Amino acid sequence: MNLQSTDPEYTQRLGAFLEEVRNEPDSMLEPTTRWLAILATLTGNGSVDAYKEALPQALQEGLDPVAVKEMVYQATDYLGYGRALPFLHATNDALTAAGIALPLPGQATTMNDRLEKGIAAQVKIFGEHMNEAWKAGTVNRYLAANCFGDYYTRTGLDLAQREMITFCFLSAQGGCEPQLIAHAKGNMNMGNDAAFLTKVVLQCLPYIGYPRSLNAMSCIAKAAKQ
């Protein structure tokens, strides 16, 4: 049943708060950036029903379908295939319903050179020490070749956007504070400063809740000090 019929007081308060957050002068974001952050947050905390509600609105307000698909693909690295899969299906259903033909144009740029290009992306985001980080162990090599080489090197989103959605994945799922601090610093290196990240958290607060929002704010502060 429609929640407006079964829970009118709840939907009224929720809708009013969503509009309050969206229009808060000190935390406003450009609409497509806002929606990309919200969709990444909903993916990060496994909120597939809310994602299905939000995605058509995001597309109507101009978010590129390619950007949505790239967000979901990259979520596989931070959430795992099992948790990303429902969002891939939900995205395909929404795009098909909107009359958008699938598959979308390919965005891959690597194949045999995925490790090298993945390391290069890590260096751009985190610094020269990443040139040797992949040698520390098998997981580190996978991180360079798969996470960064297979996904961060794709077109459709730039590195600043990819770091922003990674920040959203990590803040939304919780329990990843060391990685969240590291990626907050990566965001800052890409031009997504502390003020921008704070706006991202505030815009996503209704979808993530207060505890994890406060944790994210703390991680931003720690990254800025470092």
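As a reminder, the structure under discussion sits directly above these lines.
All values reported here derive from a predicted model rather than from experimental measurement.

Asks: Could you clarify how one ought to interpret helix H10 (residues 159-173) in this entry?
Replies: An α-helical turn contains 3.6 residues, so any two residues separated by three or four positions project in the same direction. Look at H10: 21 Å from first C-alpha to last across 15 residues, which is about the 21 Å you get at 1.5 Å a residue. Buried residues dominate H10, accounting for 14 of its 15 residues. The N-cap of H10, judged by a side-chain oxygen 3.2 Å from the amide nitrogen of Ala160 a few residues on, is Asp158. In the stretch just after H10, Gly174 is the one whose phi turns positive, near 70 degrees.

Asks: What is the right way to read the side chain of Lys69 from this model?
Replies: Among the structural elements, Lys69 can be located in helix H5 (residues 65-79). The side chain of Lys69 is buried and forms no salt bridge, while Glu70, the nearest opposite charge, is found at 8.3 Å. Those residues within four positions of Lys69 in sequence are excluded, and the remaining contacts are Leu88, Thr91, Asn92, Leu95, Leu102 and Leu104.

Asks: Would you mind showing me how to read the side chain of Ser213 here?
Replies: Looking at where Ser213 falls in the secondary structure, it is placed in helix H13 (residues 210-225). Judged by its relative accessible area of 3%, Ser213 falls in the buried class. Each residue touching Ser213, except ones within four places of it in the same chain, is listed here: Val201, Leu205 and Ile208.

Asks: Mind showing me how you'd approach the nonpolar core here?
Replies: Nonpolar side chains in soluble globular proteins tend to end up buried together. Ranked by internal contacts, the top residues of the largest apolar core, which has 61 residues, are Leu39, Tyr51, Leu63, Met71, Phe148, Ile165 and Phe167. The element contributing the most residues to this core is H5, with 8 residues. Excluding its chain neighbours within four sequence positions, the residues that come into contact with Leu39 are Tyr51, Ala54, Leu55, Ala58, Leu63, Val68 and Met71.

Asks: Any chance you could explain the environment of Phe126 here in plain terms?
Replies: Along the polypeptide, Phe126 turns up in helix H7 (residues 114-126). Taking the C-alpha atoms as reference points, Phe126 and Leu170, 44 residues apart in sequence, are found 17 Å from one another. Discounting chain neighbours no more than four positions away, the residues touching Phe126 are Phe148, Glu163, Ala182, His183, Gly186 and Asn189.

Asks: Please explain the pattern of salt bridges as it appears in this structure.
Replies: Going through the model one piece at a time under the given rule, you end up with 6 salt bridges. Across the salt bridge formed by Glu61 and Arg22, the nearest N and O atoms sit 2.5 Å from each other. Of this pair, Glu61 sits in the loop between helix H4 (48-60) and H5 while Arg22 sits in helix H2 (residues 8-23), placing them 39 residues apart in sequence. Since its relative accessible area comes to 31%, Glu61 is described here as partly exposed.

Procedures and definitions
Residues numbered from 1 in each chain as written. Predicted model: local features only at pLDDT ≥ 70, side-chain atom pairs only at ≥ 80, totals over all residues. Heavy atoms only, no water. Helix = DSSP H or I, 4+ residues; strand = E, 2+ residues; numbered from the N terminus. Expected span 1.5 Å × (residues − 1). Buried < 20%, exposed > 50% of the residue type's maximum accessible area, 1.4 Å probe, protein only. Polar contact = N/O pair within 3.5 Å; in protein donor to acceptor, adjacent residues only side chain to side chain. Lys, Arg positive; Asp, Glu negative; His and termini not counted. Salt bridge = Lys/Arg side-chain N within 4 Å of Asp/Glu carboxyl O. Contact = heavy atoms within 4.5 Å. Core = buried A, V, L, I, M, F, W, Y, C linked by side-chain atoms within 4.5 Å.

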